[in-house]
Every structure is written in structure tokens, then in C-alpha cells.
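One letter stands for each residue in the lines below.
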Amino acid sequence: MTGPGARTLWYAQNLTTNGLQGWIQDNIVPLILLGIAIVLLWIGGKGDNAGVARRSVGLIVGLVALGIAVSGNGPEVGSFLASLITG
């Protein structure tokens, strides 16, 4: 197949979202983490240490979920957690 239709078909087969995913991981995620750290420091400066601890635990759980989602190891982690319960 020759002509403009062949070029469109060739480009359509090579479409990926790797560039967008990489940009989000490299730029957006660190900005969100920086914002969360600033908020936690601000709350801690008010003397609400229990509030900082409570939010930090939620942050750690969220970071673990983000790490699993980004790494692509979700099925392996799920199998490991299921083996802890079922033996």
C-alpha cells in the first residue's frame, strides 16, 4: 500500500502513551509530593503532631499504591498478599 493512507496506517500502529506517562512520573508526581510535604510541615508548625502522623500514614499508603501502579507489578504483589492469607 502506498500513498498517504499507508503513512497514516504506519503511524497508527506505533502509538503509545509512554511519553506522557514518563512526563507525569518525572514532573507531576514530585510536585504533588512537594506540595504534600509543605502542607505537613505547615500543620506540624501549628503543633498538631497527631494530625501530621495521621496524614503521614495515609501518604505512605498512597505512595505504596502509586509505586505498585507505576512499576506494573500489581499481579505479583496481589499474589504475595493472597499467599499471606491462604498460606
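Anyway, here's the lowdown on the structure attached to this text. Every residue gets a number counted from 1 within its own chain, in the order that chain's sequence is written. Only residues with pLDDT of 70 or above have their local features reported here, since the model is predicted, and side-chain atom pairs are shown and tallied only from 80 upward, although totals for entire chains, interfaces and linings are computed over all residues. Note: side-chain values were computed over all heavy atoms of the structure, leaving out hydrogens and water.

## Focus on the overall build of the protein
Okay, step 1: Counting from the N terminus, the helices are the DSSP runs of H or I reaching at least four residues and the strands are the DSSP runs of E reaching at least two. Counting secondary structure elements, the protein contains four helices and zero strands.
Okay, step 2: Mapped from its N terminus to its C terminus, the protein presents α and β elements in the order α-α-α-α.
Okay, step 3: Residues counted as buried form 6% of the 87 residues belonging to the protein. For the exposure calls, accessible area comes from a 1.4 Å probe over protein chains only, and a residue counts as buried if that area is under 20% of its type's maximum, exposed if over 50%, partly exposed in between.

## Digging into the packing of aromatic side chains
Okay, step 1: Aromatic pairs are defined between Phe, Tyr and Trp rings, using the six-membered ring for Trp, whenever the two ring centres lie within 6.5 Å; interplanar angles under 30 degrees are classed as stacked, those over 60 as edge-to-face, and all others as tilted. This structure, assessed with the given rule, holds zero aromatic pairs.
Okay, step 2: Criterion for a charge above a ring: Arg CZ or Lys NZ at most 6 Å from the ring centre, at most 35 degrees from the ring normal. For the cation-ring pair, Lys-46 lies above Trp-42, with the distance from its terminal atom to the ring centre recorded as 4.1 Å.

## Digging into a nonpolar patch on the surface
Okay, step 1: Nonpolar side chains collect at one region of the surface, where Leu-20, Trp-23, Ile-24, Ile-28 and Ile-32 lie side by side and expose about 460 Å² of accessible area between them.
Okay, step 2: Its place among the elements puts Trp-23 in helix H2 (residues 18-45). Exposure above 30% relative accessible area and the lack of any salt bridge qualify a residue for a patch; like charges then connect within 9 Å, and the nonpolar side chains Val, Leu, Ile, Met, Phe, Trp and Tyr within 5 Å. Only the protein chains shown count as cover for residues, and all accessible areas are computed by the Shrake-Rupley method using a 1.4 Å probe. Salt bridge, as used here, is a side-chain nitrogen of Lys or Arg placed within 4 Å of a carboxyl oxygen of Asp or Glu.

## Focus: the packing of H2 against helix H3 (residues 49-71)
Okay, step 1: H3 packs onto H2 with a crossing angle of 170° between their chain directions and a minimal axis gap of 9 Å. One finds that H2 runs roughly antiparallel with respect to H3. Judged by the twist between their axes, the crossing of H2 over H3 is left-handed. When H2 is examined against H3, the residues Gln-25, Val-29, Leu-33, Ile-36, Leu-40, Ile-43 and Gly-44 are found in contact with a partner set consisting of Asn-49, Val-52, Arg-55, Ser-56, Leu-59, Leu-63, Leu-66 and Val-70. The convention used is that axes are lines fitted to C-alpha atoms, helices contributing only their stretch in contact, and that angles between N-to-C directions extend from 0 to 180 degrees. Relative orientations are named as follows: roughly parallel for angles under 35 degrees, roughly antiparallel for angles over 145 degrees, roughly perpendicular for angles from 65 to 115 degrees, and oblique for any other angle. The sense of a crossing depends on the near helix, which, turned anticlockwise from the far helix by less than a right angle, makes the crossing left-handed and, turned clockwise, makes it right-handed. Whether two residues touch is decided by their heavy atoms; if any such pair falls within 4.5 Å, the residues are in contact.

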